[in-house]
Amino acid sequence: MKSSRRLGLVMIAPAAIMIVLFFLMPVVLTAVFSMTNMTTATGISGGVYQIAPNSLIALKSAMPDIAAEMAEPRYAIDEGGLKAVEGLGLEPGIAAELRAKHAGEVFPTRREAERMIKDLADRPSTREVKQISEQFNRSVVNTRFNSKEELFSALDTLGLKLTQEQKETVAEATYTGWTWTPDNFSRIATSPDMARVLFNTALYVALVLTLFNVGYALLLAIWTHYMPPTPASIFRGIWLLPRITPVVIYVMLWKWLAWDTGFISILMGKFGYPPKNYLLDNAYNAWFFVVLINGFIGASMGMLVFSSAMKAIPKSQFYASEVDGASRWQQIRYIILPQMRWPILFVTCYQTLSLLASFNEILLATNGGPGNTTEVWALSAYHTALRNYAGNLEYGLGAAMALVLVVIGVLLSLLYLRVFNYGTLVAKPLIED
């Protein structure tokens, strides 16, 4: 018995590893990234501290005086500047006097520094004064510091003495890397754009699922069920074409149909209508084609599942109903549909999750247009995290949107199990009691 259990664990180990690596780990990493403010600007590794113009703007609201002082250059008499003055070829006493009397001093303006230089014993000329003062020009603007300690040390050197609270504010405003934050979920909850995308997603899933993936698929399965075997197989094979065709070619066929140079425009031109892009002409047309494009793909899978389930129904039930004078509709209502709960549950749940996560067809057909009217949640997460027009990809926000999609999928799955009474579907048959 123990050897059998060990063999079972060995046999299931590859599948368990695949589940952990390709299902659990992506979800965990998505949850981790969703709690950060990672973007293209911050990068995915640790950042540096840099007093850039945008950070100065952020500091002006909290510490206007300190921000103004940081923005202006200061003149610090340090060893580096003194050596630079020695290299100018001026009177040697100038550098010596500066080192002896003024080393370590910081002047807030160039005028004050030059006034000090003019008072030196060797009395440099106006041109020399400007040369000397330039060697002590120091600024922290756009300088990169690897740590907070380096940043604060540079500020102290320039005479900018900050309290501990001010230091924390400066560090937060100047840090260029990512930080841990729950703000992504606040943005999702409060953004009107997110609300519209959520509505688009609900509309998209509801229309495609009810009209095609379940409704039309079930209708196709019933039609082929009552057809002779050979025509039924041919018919099912034709409906498989949208699913087995590469998505790029499939969408290109729809574009050829709907473009301003496509079949519809050519046909309507015969009746005097000018050519136009029916796919992106307006929101209603865009949604019409989006539902059709995705619906024909989903209907094929549902048709196969439902057809296979109908073949499993004992033929004796149909024969007995015919003897009793049952019509086709009565057979569908009292024999087929009651025994299709499990297949309908599977197709509904699977296709809902598939529609929530899929966006390839919409991306290739409309890219969310016109004017983001067909932007669904998965496509919006893709645009946010991996490709957008602004160029600054928001990895953290995109991950948060993806995590919301996972939660919605789980909740809908649980709802479906409750609606279809999953417990009775998997209960032991009464004959075994």
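For the structure, check the block above.
Residues numbered from 1 in each chain as written. Predicted model: local features only at pLDDT ≥ 70, side-chain atom pairs only at ≥ 80, totals over all residues. Heavy atoms only, no water.

A.B. asks: I tried to follow the nonpolar core on my own but got confused; where do I start?
C.D. replies: Judged by nonpolar contacts, the single largest core of 56 residues is most densely connected at Tyr204, Phe306, Met310 and Met340. Contributing elements (two or more residues each) for this core: helix 11 (192-225), helix 13 (247-258), helix 15 (283-311), helix 17 (328-336), helix 18 (341-357), helix 19 (360-365), helix 20 (377-385) and helix 21 (395-419). At 12 residues, helix 11 tops the list of elements feeding residues into this core. In contact with Tyr204, other than residues within four places in its own chain, are Trp287, Val290, Asn294, Leu355, Ser358, Ile362 and Val376. Core analysis: the second largest hydrophobic core is formed by 20 residues, Ala76, Phe145, Phe152 and Leu160 among them. (Core = buried A, V, L, I, M, F, W, Y, C linked by side-chain atoms within 4.5 Å. Buried < 20%, exposed > 50% of the residue type's maximum accessible area, 1.4 Å probe, protein only. Helix = DSSP H or I, 4+ residues; strand = E, 2+ residues; numbered from the N terminus. Contact = heavy atoms within 4.5 Å.)

A.B. asks: Explain the packing of helix 20 against helix 21 to me, please; I cannot follow it from the model alone.
C.D. replies: In a packed pair of helices, the relevant descriptors are the angle between the two axes and the axis-to-axis distance. Direction vectors running N to C along helix 20 and helix 21 enclose 160 degrees, while the axes themselves pass 7 Å from each other. Between helix 20 and helix 21, the angle is such that the two are roughly antiparallel. In terms of crossing hand, the pair formed by helix 20 and helix 21 is left-handed. In this structure, helix 20 contributes Trp377, Ala378, Ser380, Ala381, Thr384 and Ala385 to the contact, and helix 21 contributes Tyr395, Leu397, Gly398, Met401, Ala402, Val404 and Leu405. (Axes fitted to C-alpha atoms, helices over the stretch in contact; angles between N-to-C directions. Parallel < 35°, antiparallel > 145°, perpendicular 65-115°, else oblique. Left-handed = near helix turned anticlockwise from the far one by under 90°.)

A.B. asks: Looking at this structure, I do not really get helix 4 (residues 79-86). What am I missing?
C.D. replies: Think of an α-helix as turning once every 3.6 residues; residues three or four places apart then point the same way. Burial in helix 4 covers these residues: Gly81, Leu82 and Val85. With its buried residues spanning 100 degrees around the axis, helix 4 presents them on a single face. Tucked into the core, helix 4 has its buried residues touching helix 5 (92-102), helix 7 (126-134) and strand 4 (137-138). (Arc of directions from axis to C-beta.)

A.B. asks: Which parts of the structure should I look at to understand unusual backbone geometry?
C.D. replies: The phi angle of most residues is negative, glycine excepted, and most peptide bonds adopt the trans form. A cis geometry characterises the amide bond from Gly369 onward to Pro370, with omega recorded as -5 degrees. As for its position among the elements, Pro370 is in the loop between helix 19 and helix 20. Located in the positive-phi region is Asn142, a residue other than glycine, with phi close to 65 degrees. For Asn142, the position within the fold is in the loop between strand 4 and strand 5 (144-145). Here Asn142 falls in the partly exposed class, since its relative accessible area comes to 45%. In this model, Asn367 sits at a positive phi of 55 degrees, which is unusual for a non-glycine residue.

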